[in-house]
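# Fold and geometry: a report
Here's the letter readout for the chains.
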Amino acid sequence: MNKKFLDLGYQPLANRYLKIFKKLSIKKGELYKLGVGFNTKTKLVSLIKKIPDKKMFDKNYPYRSSMSKTMINSFKKLSIKIKRKFKPKLFLEIGSNDGAFIQNFSKDKVVCVEPCSNLAKITKRKGYYTYDNYWNLNLAEKIKKKFNYVDVIYSSNTLTHINDLNGVFKSISLILNKNGVLIIEDPSFLECIKKGSYDQFYNEHIYVFSALAVKNIIKKYNLELFDIETLKTHGGSLRYYIKKKDNKNIKIKNSVINQLSKEIQFGLNNFRTYKKFSENVKKSKKSLIKILTKIKKDNHNIIGYGATAKASTVLNYCNIDNNIIDFFVDTTPDKINKFMPGKNIKILPYNKKLIDKYEYIYLGAWNFKDEIFKKENEFIRKGGKFITHVPKPKIL
Ligand code: TMP
């Protein structure tokens, strides 16, 4: 049973950056209610109302994985490990985006799947065999016909975006070699709850996984976890290593039981924990608004850094507009000179000189805090201050 625990109000589609600002309407279906529920049986956390894929992932999808050095480095490290440990003859990536990960592999060993055709075009152009389709059983059958079984399947920050999780794992199970390995990585719900990062929820993040939920979902498809790594990326993620149950050549590592125990100890199998999180989110909203309005009252300007989908959830939940934040800066070409989803706040191209004129920056990309702080050490040295809501609203 899916029990609702969190209400983040009416929200726009998070990655929909408009060229001309317009007030969105609930009546016209331009805003949807963002509620989050907990399945007491499977322990899966998911959005109550799910937006159809085709509305979210199309030929204009702006998100580019290669915009962050942190992700490029993390992908490079993993690719070395995959080649060394699993030596795949054929490798498949589900949600290959602009090829930030796949670029570490040789072209003849790789199949990419990316439904956003603007992104699929990039890997195609580089010579990688790319399907610009959604991941589902039809596609898996097609790939199996052409390539036969796959040795390693990798999917980063993608499976949580696909509504039909049963279809996802059924398709993976169909195409994965009997000794094959599935690696998925996504934001960890345990980290999300610990950090009060309610902005992990937006229409594209249909699910935020815990190890408890992953274990329960995959067992139906004869798959099991054999290793879990904790990552700093995307505000704290888990990388799950999964194999076929019948494959006894791979041993199950202690990391699996350790993560499951941590989650149980924290109360992730108990609805009360989720209700408490919801209360903390309300407090976080109040506190962030208080900090920002005080800065404005003291006659300072605030800008935003990193026009993330997460920031879209925060701005719309806390009702923050251009009376509070003058503009955002971002490096992503498809976001620049557009408006933050649902809010009259423009996104300007990142420019060091421009941000140096300001004293306060709201950190939309808090998940890249280390990378951004390194880049902006001059701003900080001169007395510039970042504001965050993670783990608690404060001026850093
Ligand atoms: P994400 O949190 O959804 O991955 O989005 C990160 C956003 O932050 C993306 O739009 C790129 C932007 N960004 C910058 O503009 N400058 C930076 O230095 C970094 C690391 C990210």
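To start, this report covers the structure provided alongside it. In this text, all values refer to a predicted model and were calculated from it rather than measured experimentally.

Basis of the calculations
- Residues numbered from 1 in each chain as written.
- Predicted model: local features only at pLDDT ≥ 70, side-chain atom pairs only at ≥ 80, totals over all residues.
- Heavy atoms only, no water.
- Core = buried A, V, L, I, M, F, W, Y, C linked by side-chain atoms within 4.5 Å.
- Buried < 20%, exposed > 50% of the residue type's maximum accessible area, 1.4 Å probe, protein only.
- Helix = DSSP H or I, 4+ residues; strand = E, 2+ residues; numbered from the N terminus.
- Contact = heavy atoms within 4.5 Å.
- Near = heavy atom within 4 Å.
- Polar contact = N/O pair within 3.5 Å; in protein donor to acceptor, adjacent residues only side chain to side chain.
- Areas by Shrake-Rupley, 256 points an atom, 1.4 Å probe, with all protein chains shown as cover.
- Nonpolar A, V, L, I, M, F, W, Y, C, P; charged D, E, K, R; others polar.
- Lys, Arg positive; Asp, Glu negative; His and termini not counted.
- Salt bridge = Lys/Arg side-chain N within 4 Å of Asp/Glu carboxyl O.
- Pairing = 2+ DSSP bridges.
- Right-handed = clockwise from strand over helix to strand, strands pointing away.
- Axes fitted to C-alpha atoms, helices over the stretch in contact; angles between N-to-C directions.

This part is about the nonpolar core. The biggest cluster of nonpolar side chains holds 92 residues, and the ones touching the most others in it are Trp-135, Phe-169, Phe-189 and Phe-201. No other element matches helix 9 (residues 271-297), which puts 8 residues into this core. Ignoring sequence-local partners within four residues, the contact set of Phe-189 consists of Phe-5, Val-45, Phe-201, Val-208, Phe-209, Ser-210, Leu-268, Tyr-274 and Phe-277. Formed by 35 residues, the second largest nonpolar core is a distinct cluster that contains Ile-183, Tyr-241, Phe-368 and Ile-372.

We now examine the site of the ligand. The local shell around the ligand holds 16 residues, among which Tyr-63, Lys-310, Asp-330, Lys-335 and Lys-375 are the closest. In the model, an oxygen atom of the ligand is placed 2.6 Å from a nitrogen or oxygen of the Tyr-63 side chain. Coverage of the ligand by the protein amounts to 97% of the 490 Å² it exposes when considered alone. A per-element tally of the shell around the ligand places helix 12 (residues 369-375) first, with 3 residues. Residues of the shell around the ligand, tallied by class, amount to 5 nonpolar, 6 polar and 5 charged.

When you line up the elements, Glu-93 lands in strand 4 (residues 91-94). Buried and without a salt bridge, Glu-93 has Arg-239 as its closest oppositely charged side chain, separated by 10 Å. Beyond its immediate chain neighbours, meaning those up to four positions away, Glu-93 contacts Phe-101, Ile-102, Val-111, Cys-112, Val-113 and Tyr-154.

Covered by surrounding structure in strand 12 (residues 302-305) are Ile-302 and Gly-304 together with Ile-303 and Tyr-305, the residues of both alternating faces. Where strand 12 and strand 15 (residues 360-363) come together, 4 bridges link them in parallel fashion. From the neighbouring strand, Ile-302 faces strand 15, where its bridge partner is Tyr-360. The β-α-β motif built from strand 12, the intervening helix 10 (residues 309-317) and the parallel element strand 13 (residues 327-330) has right-handed crossover chirality.

This part takes up the pattern of salt bridges. Under the defined criterion, the tally for this structure stands at 19 salt bridges. A salt bridge links Arg-239 to Glu-185, with the nearest nitrogen and oxygen atoms 2.7 Å apart. Residue Arg-239 is located in strand 11 (residues 237-244), and its partner Glu-185 is located in strand 8 (residues 176-187); the two are separated by 54 residues in the primary sequence. Take Arg-239: its relative accessible area is 5%, and that puts it in the buried class. Looking at Glu-185, the relative accessible area reads 1%, which means it is buried. The structure contains a network of salt bridges with shared partners spanning Lys-81, Glu-185, Glu-229 and Arg-239.

This paragraph deals with the sheet that holds strand 7 (residues 150-156). Within the open sheet, the 7 strands sit side by side as 6-5-4-7-8-11-10. Their pairing is mixed. Where the open sheet ends on each side, the last strands, each with one partner, are strand 6 (129-131) and strand 10 (223-231). Averaged over all pairs of adjacent strands, the angle between strand axes in this sheet comes to 20°, irrespective of strand direction. Direction of pairing for strand 8 relative to strand 11: antiparallel, over a ladder of 7 bridges. Note on strand 11: the bridge partner recorded for Glu-185 is Arg-239. Contacting strand 10 and strand 11, helix 7 (residues 211-218) crosses the sheet at an angle of about 160° to strand 10.

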